[in-house]
Amino acid sequence: MKLSVGIIFALVLSFFIAFLLGFVLIPWLRKLKFGQTILDIGPAWHKSKQGTPVMGGIMFIVSSIVTFGVVMLTDKLLGGNLLTGESLVPDSVKIKIFAGIIMAFGFGIIGFADDYIKVVKKRNLGLTITQKSIAQIALMLAYLGALYMSGNTFMQIPFVGNVDLKWFFWFFGMAVIYLTVNAVNFTDGVDGLCASVTATAAIAFIVIAVLKGLFGVSILAASLAGACIGYLIWNWHPSKVMMGDTGSMFLGGMVVALAYAIDAPLIILFLGIIYVIEMLSDVLQIGYFKATGGKRIFKMAPIHHHFEMCGWKEVKIVIVFSLINIIGSAIGVALFYFG
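What counts, and at which threshold
- Residues numbered from 1 in each chain as written.
- Predicted model: local features only at pLDDT ≥ 70, side-chain atom pairs only at ≥ 80, totals over all residues.
- Heavy atoms only, no water.
- 1 Å grid on protein atoms, 1.4 Å probe; cavity = no way out; pocket = protein on both sides within 12 Å on 5 of 7 lines; lining within 4 Å.
- Points joined across faces, edges and corners; volume = space filled by probe spheres on them.
- Helix = DSSP H or I, 4+ residues; strand = E, 2+ residues; numbered from the N terminus.
- Expected span 1.5 Å × (residues − 1).
- Buried < 20%, exposed > 50% of the residue type's maximum accessible area, 1.4 Å probe, protein only.
- Axes fitted to C-alpha atoms, helices over the stretch in contact; angles between N-to-C directions.
- Parallel < 35°, antiparallel > 145°, perpendicular 65-115°, else oblique.
- Contact = heavy atoms within 4.5 Å.
- Nonpolar A, V, L, I, M, F, W, Y, C, P; charged D, E, K, R; others polar.
- Phe/Tyr/Trp six-rings, centres within 6.5 Å; stacked < 30°, edge-to-face > 60°.
- Lys NZ or Arg CZ within 6 Å of the ring centre and 35° of its normal.

Draft legend 1. Inspection of the layout of surface pockets at higher detail. Approximately 290 Å³ is the volume found for the second largest pocket. Forming the boundary of the second largest pocket are 14 residues, of which V176, L179, T180, L269 and V276 lie nearest the centre. At the level of elements, α5 (168-187), α9 (268-271) and α10 (273-292) are the ones that each hand at least two residues to the lining of the second largest pocket. Looking at the lining of the second largest pocket, the element that brings in the most residues is α5, giving six residues.

Given below as C-alpha cells:
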C-alpha cells in the first residue's frame, strides 16, 4: 500500500468510525445517566451543560486504535511495510509505537475510572490525588522502561542532532509525560477545544513522521486526527457529548507516544503550544494568587475560561486557539525540515 493511500485510508476510516459510534454511544450513555456534573466554580453559563453525556472519549479511543490495526493489517496482507517504513531499527520503531498505544490506552482507563466515580458514585472529585498519582506513575515507569530496554534513551533536537539522555532519560520522561497529559486535560474546558487542538497537532505529527521515514507513526497520527475530527461532529458547540477524563487523558498519552515515536518529545512545545499556554496560565494564576494574597492575573484559569469571561463565544475560542496551534505546529515542522 502506498503511504499516501494509507494515510488517507486511516483518516477517512477513523473519521467514520468515530462519527458512527456517536449514534450508538451517546444514547447508551444517556440511558445509563452518565451525565456531566458542572461545578459551581466554573462559568455560570456552563450550568446549561449539566447532564450532557460524558465519557465520549470512548469514540476516538476505539476509532484510532481500531483504525491503526485495520490499516496495518490491510497493508501487511497487500505485502506492504508501512509499520517500519525506511527506519534502520524496525524493532525499536515497533516498540515505540505499540508501547505508546498501550500507555495512551492505560491513561484512558485511569480517566475512565475517574469519570465513573464522578458520575456513578456521585463524587465530584473522582479518584483521589494519591490514587491517580500512583496509577499514573506506574504507567509512566512501565512505558519508559519499555523504551529504555530497547535502547531508546536518545532524542533528536533540531540543529543539534541526537542526544543520549542516559540516566536523565527517566527524570525527563516522567516530567514530559506527566505535564503533557495534565496539560491536555486542562485544555478540555469548552466544547470542541481539546479535540480541535489535538487534531491540528496530529496532522503535524503526520508530516514530521513522513519526513523522517517513520511511516507507521504517520498512520497512527492519521488515525488519531481522523478520530478527533469524527468526534468533533458530536462535540462541537453546543456539545452533545463530552470526552471526560477518559478522552483527555488518552489524548495526552497519544501526543506523548507520537512525540517519542519520532524521537522528539520536546516538539510538544510547538505542536502542542496551546497545551503549554493552558497549563502555564493555571500555574501562573495559582502562584500569583498565593504570592499576592488573593489577586489574580486572569479572570479565570485555565486561560480559555478567561476569554469566556471576557465575552468570547466558545466557537470563537476554539477557532482562535486552533489557529494558534496550527502556527505552532508549522514552526515545529519547519524546525524539523530545516534542522
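Past the structure itself, the notes keep going.
Draft legend 2. Geometry of helix α7 (residues 215-235). The end-to-end C-alpha separation of α7 is 30 Å, in line with the 30 Å expected for 21 residues at 1.5 Å each. Most of α7 is tucked away, with 19 of its 21 residues classed as buried.

Draft legend 3. Molecular detail of the packing of α10 against helix α12 (residues 314-338). At their nearest, the axes of α10 and α12 sit 8 Å apart, and the two run at 120° to each other. Compared by their axis directions, α10 and α12 come out oblique. Listed contacts from α12 to I273, I274 and E278 of α10 are F321, I324, N325 and G328. For the contact of α10 with α12, the class distribution of residues is four nonpolar, two polar and one charged.

Draft legend 4. Layout of the packing of aromatic side chains. One pass over the structure, following the stated rule, counts 19 aromatic pairs. Taking the centre distance of 6.2 Å and the plane angle of 15° together, the rings of F15 and F19 count as stacked. Remark: F19 and F15 occur in helix α1 (residues 3-31); sequence separation between them is four residues, near one turn of the helix. Here the aromatic rings of Y148 and W170 are separated by 5.3 Å at their centres, their planes lie at 45°, and the arrangement is tilted. One end of the pair, Y148, is in helix α4 (residues 129-149); the other, W170, is in helix α5, and 22 residues separate them in sequence. On the accessibility criterion, Y148 (40% relative accessible area) is partly exposed. Just above the ring of W312 sits the side chain of K316; from NZ or CZ to the centre is 4.3 Å.

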